[in-house]
Amino acid sequence: MAALALPFENSFASLPPAFYTRLMPTPLPSPYLVAASPSAAKLIGLDPAALDDPDTLAAIIGNRVPERSKPLSAVYSGHQFGVWAGQLGDGRAILLGDLPTAQGPVELQLKGAGLTPYSRMGDGRAVLRSSIREFLCSEAMHALGIPTTRALSVAGSDQGVVRETIETSAVVVRMAPTFVRFGSFEHWFYKRQEGELKTLADYVIERFYPALREEDNPYAALLEEVTRRTAHLVAHWQAVGFMHGVLNTDNMSILGQTLDYGPFGFMEAFDSGHICNHTDQGGRYSYANQPQIGHWNCYALGQALLPLIGEVELAQESLDIYQSAFATKIDDLLHAKLGLREQRDGDRELLDSMFGLLQTNHADFTLFFRRLGGLRSDGPSGDEPLRDLFIDRPAFDAWANTYRERLRAEASVDIERKLAMDQTNPKYILRNYLAQVAIEKAQNKDFSEVARLLQVLERPFDEQPENERYAALPPDWASELEVSCSS
Ligand code: AMP
Ligand code: MG
């Protein structure tokens, strides 16, 4: 097969050298394809089957750097767990460049491609386990309609890397219009290099927010738009029960996309205090805390942009929209989840009592909303599948009757409501144990389950009778699973 000629540009490389280090990826020894996303491949005009070809795979994972790509690792800083951490940077990520797509240029970034000047104590590698998790969740979130970076492929190697045990290494190819983070701005603010700060802000505005150039204060407008997108993003996470796990400012995308999948999790037995990251002992990034952490992170960005914005009041105004943007979005999303077309007095109480009921019964979050679509508004005759999720049945019955009354108040039509609810309440999510099963098989060189799971998660809202088991409650052993920052 002819060498892959991808029409790379590298717009980030047009920034001054202080923003990055040009370097070559360290080849992944004897790589093999673990999984590829057909829809991500199509986005960049790549035939998904092409990755089965070793030369193409070598080109796409940086073992043989494509012509015109100008590989680089970017510098950034950040707040980790609320504490200023100083310089971080792409410790194991290498940007290959950007490719034209119907949706505008998309960057290809390798994660796990070897040491960089920003690797600090790390080895520059990623393990197969976390690479499969990032790959599957990126594509699952995309299919759920939640802003996210994409993942094109995972390639594995038998090369060992040391974590808590010895694991094998892998490279994920990620895709996004840009991987610029809040921490990319914090970096220049804390170094008091306003020139670079302005260069970066102008680059981001020019390329990703061109409409903001016309604003009186484009930097305040940028802060406001990023704050709004972040609030909307976190609302999406809350509505689907996604927990990021490491909401440090270096993991916050300037585009408001979900970025850096590590110890993430989806809510199963509902507990608003749930902490998905074993390393996060204080629960800073628990489910309940995510909305306020999103705002906190916007403040960190606001502080970094302050020298450009000029007036504290303007920055403050941009940040103040977070609460209302979040409240409006989550309210819309929750109304849709309940199949309610109208906003009515008393809805707040209905939602609060629902969350109270989920909390005391630890009902499965995903199954609850999915089965709620099947509830009949005329009486409890169809309640059983949903009711089964609750230990306190009388409490459930009471809430269900209130919900039924609310449905009747807007003359809801059951069949229509179920159709709408099935398009917003997924049946299939990436439960930790599902990922774990796929990972363990992949560690034994059987990659079929990763592919199968991807197929299931690409259609999260569809009934897939042949895949019913992927929608089931987690098995008992799943409660023993722990995910941590080690990846
Ligand atoms: P993360 O928690 O994955 O967002 O990583 C935080 C910082 O540590 C980033 O600068 C990463 O690039 C870096 N990092 C994480 N793991 C590694 C590794 N294995 N080798 C080098 N750098 C790493
Ligand atoms: Mg990160």
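Colleague: Help me get a handle on the overall build of the protein chain, residues and values and all.
Modeller: Counting its secondary structure elements, the protein chain contains 15 helices and 12 strands. Relative to its length of 487 residues, the protein chain is compact, with a C-alpha radius of gyration of 23 Å against a globular reference of 23 Å. Reported as C-alpha extents along the three principal axes, the dimensions of the protein chain are approximately 65 × 55 × 40 Å. Put simply, the protein chain has 487 residues, and 58% of those count as buried. Accessible area of the protein chain: about 19,500 Å², with a carbon and sulfur share of 53%. Placing the 45 positive and 64 negative side-chain charges of the protein chain at their respective mean positions leaves the two points 3 Å apart.

Colleague: Tell me about the site of ligand 1, and please be specific about residues and values.
Modeller: Around ligand 1 sit 17 residues, and of these Gly89, Gly91, Arg120, Gly124 and Asn251 come closest. Here an oxygen atom of ligand 1 and a backbone polar atom of glycine 91 are 2.7 Å apart. Within the side chain of aspartate 123, one N or O atom sits 3.1 Å away from a nitrogen atom of ligand 1. Burial of ligand 1 by the protein chains amounts to 82% of its free accessible area of 480 Å². Class assignment for the residues of the shell around ligand 1 results in two nonpolar, seven polar and eight charged. Two domains each donate at least three residues to the shell around ligand 1, and these are domain 1 (12-179) and domain 2 (183-333).

Colleague: Which residues make up a nonpolar patch on the surface, and what values go with them?
Modeller: Taken together, the side chains of Val413, Ile415 and Leu419 present a nonpolar region at the surface, about 310 Å² in accessible area. On the secondary structure map, leucine 419 appears in helix H13 (residues 414-422).

Colleague: Break down a negative patch on the surface for me, citing the residues and quoting the values.
Modeller: There is a patch of like negative charges on the surface, built from Glu311, Glu313, Glu317 and Asp320. Within the secondary structure layout, glutamate 311 lies in the loop between helix H7 (290-309) and helix H8 (312-337).

Colleague: I'd love a proper account of the pattern of salt bridges, names of residues and values included.
Modeller: Evaluated as defined, the whole model comprises 33 salt bridges. A salt bridge links glutamate 9 to arginine 68; the nearest nitrogen and oxygen atoms lie 2.9 Å apart. Separated by 59 residues along the polypeptide, glutamate 9 in the segment before strand S1 (20-22) and arginine 68 in the loop between helix H2 (54-60) and strand S3 (72-74) bring together distant segments of the chain. Given a relative accessible area of 45%, glutamate 9 falls into the partly exposed group. Judged by its relative accessible area of 52%, arginine 68 is exposed. In this structure, the salt-bridge partner of glutamate 342 is arginine 344, at a minimum N-O distance of 2.8 Å. Residue class for glutamate 342 comes out partly exposed when judged on its relative accessible area of 30%. Among the charged side chains, a network of salt bridges with common partners joins Arg370, Lys418, Asp422, Lys427, Glu463 and Glu468.

Colleague: Hey, could you go over the side chain of asparagine 248 for me, with residue numbers and the actual values?
Modeller: In this fold, asparagine 248 is placed in the loop between strand S11 (242-243) and strand S12 (265-266). Look at asparagine 248 and you get buried, because its relative accessible area is 3%. Looking at asparagine 248, its side chain comes within polar contact range of the side chain of tyrosine 285, at 2.6 Å. If we ignore the near neighbours within four places in the chain, the residues touching asparagine 248 are His79, Gln80, Phe81 and Tyr285.

Colleague: Break down the nonpolar core for me, citing the residues and quoting the values.
Modeller: Grouped together as the largest cluster of nonpolar side chains are 123 residues, with contacts concentrated most on Phe12, Phe185, Leu338, Phe368, Leu372 and Tyr403. Tallying contributions element by element places helix H6 (residues 218-240) first for this core, with 13 residues. Leaving out residues up to four positions away in the same chain, phenylalanine 368 has contacts with Met354, Leu358, Leu386, Leu389, Phe390 and Trp399. Counting residues in each nonpolar core, the second largest holds 25 residues, with Ile44, Leu57, Ala113 and Val173 among its members.

Colleague: Please give an account of the side chain of serine 77 that cites residues and values.
Modeller: Tracing the sequence through the fold places serine 77 in strand S4 (residues 77-80). For serine 77, a relative accessible area of 2% corresponds to the buried category. Side-chain polar atoms of serine 77 contact the backbone oxygen of glycine 86, separated by 3.4 Å. Those residues within four positions of serine 77 in sequence are excluded, and the remaining contacts are Trp84, Gly86, Gln87, Leu88, Gly183, Glu186, His187 and Asp250.

Colleague: I'd love a proper account of the packing of H8 against helix H9 (residues 347-361), names of residues and values included.
Modeller: At a minimum axis distance of 12 Å, the contact between H8 and H9 shows a crossing angle of 75°. Comparing their axes, H9 and H8 come out roughly perpendicular. On H9, the residues touching Asp331, Leu334 and His335 of H8 are Asp347, Arg348, Leu351 and Phe355. When the residues that make up the contact of H8 with H9 are grouped by side-chain class, the tally is three nonpolar, one polar and three charged.

Colleague: Just give me the short version of the environment of glutamate 167, but keep the residues and values in it.
Modeller: For glutamate 167, the location among the structural elements is in strand S10 (residues 166-176). On the basis of relative accessible area, glutamate 167 is assigned to the buried category, the value being 13%. On a C-alpha basis, the gap between glutamate 167 and alanine 126 in space is 9.4 Å, while along the polypeptide they are 41 residues apart. Ignoring sequence-local partners within four residues, the contact set of glutamate 167 consists of Val127, Arg129, Gln159, Gly160, Val161 and Gln443.

Reading the values: rules and limits
Residues numbered from 1 in each chain as written. Chains lettered and ligands numbered in written order. Predicted model: local features only at pLDDT ≥ 70, side-chain atom pairs only at ≥ 80, totals over all residues. Heavy atoms only, no water. Helix = DSSP H or I, 4+ residues; strand = E, 2+ residues; numbered from the N terminus. Rg over C-alpha atoms; globule rule 2.2 N^0.38 Å. Buried < 20%, exposed > 50% of the residue type's maximum accessible area, 1.4 Å probe, protein only. Areas by Shrake-Rupley, 256 points an atom, 1.4 Å probe, with all protein chains shown as cover. Lys, Arg positive; Asp, Glu negative; His and termini not counted. Charge placed at Lys NZ, Arg CZ, Asp CG, Glu CD. Near = heavy atom within 4 Å. Polar contact = N/O pair within 3.5 Å; in protein donor to acceptor, adjacent residues only side chain to side chain. Nonpolar A, V, L, I, M, F, W, Y, C, P; charged D, E, K, R; others polar. Domains from an automatic or database assignment. Patch = residues over 30% accessible without salt bridge, like charges linked within 9 Å, V, L, I, M, F, W, Y side chains within 5 Å. Salt bridge = Lys/Arg side-chain N within 4 Å of Asp/Glu carboxyl O. Contact = heavy atoms within 4.5 Å. Core = buried A, V, L, I, M, F, W, Y, C linked by side-chain atoms within 4.5 Å. Axes fitted to C-alpha atoms, helices over the stretch in contact; angles between N-to-C directions. Parallel < 35°, antiparallel > 145°, perpendicular 65-115°, else oblique.

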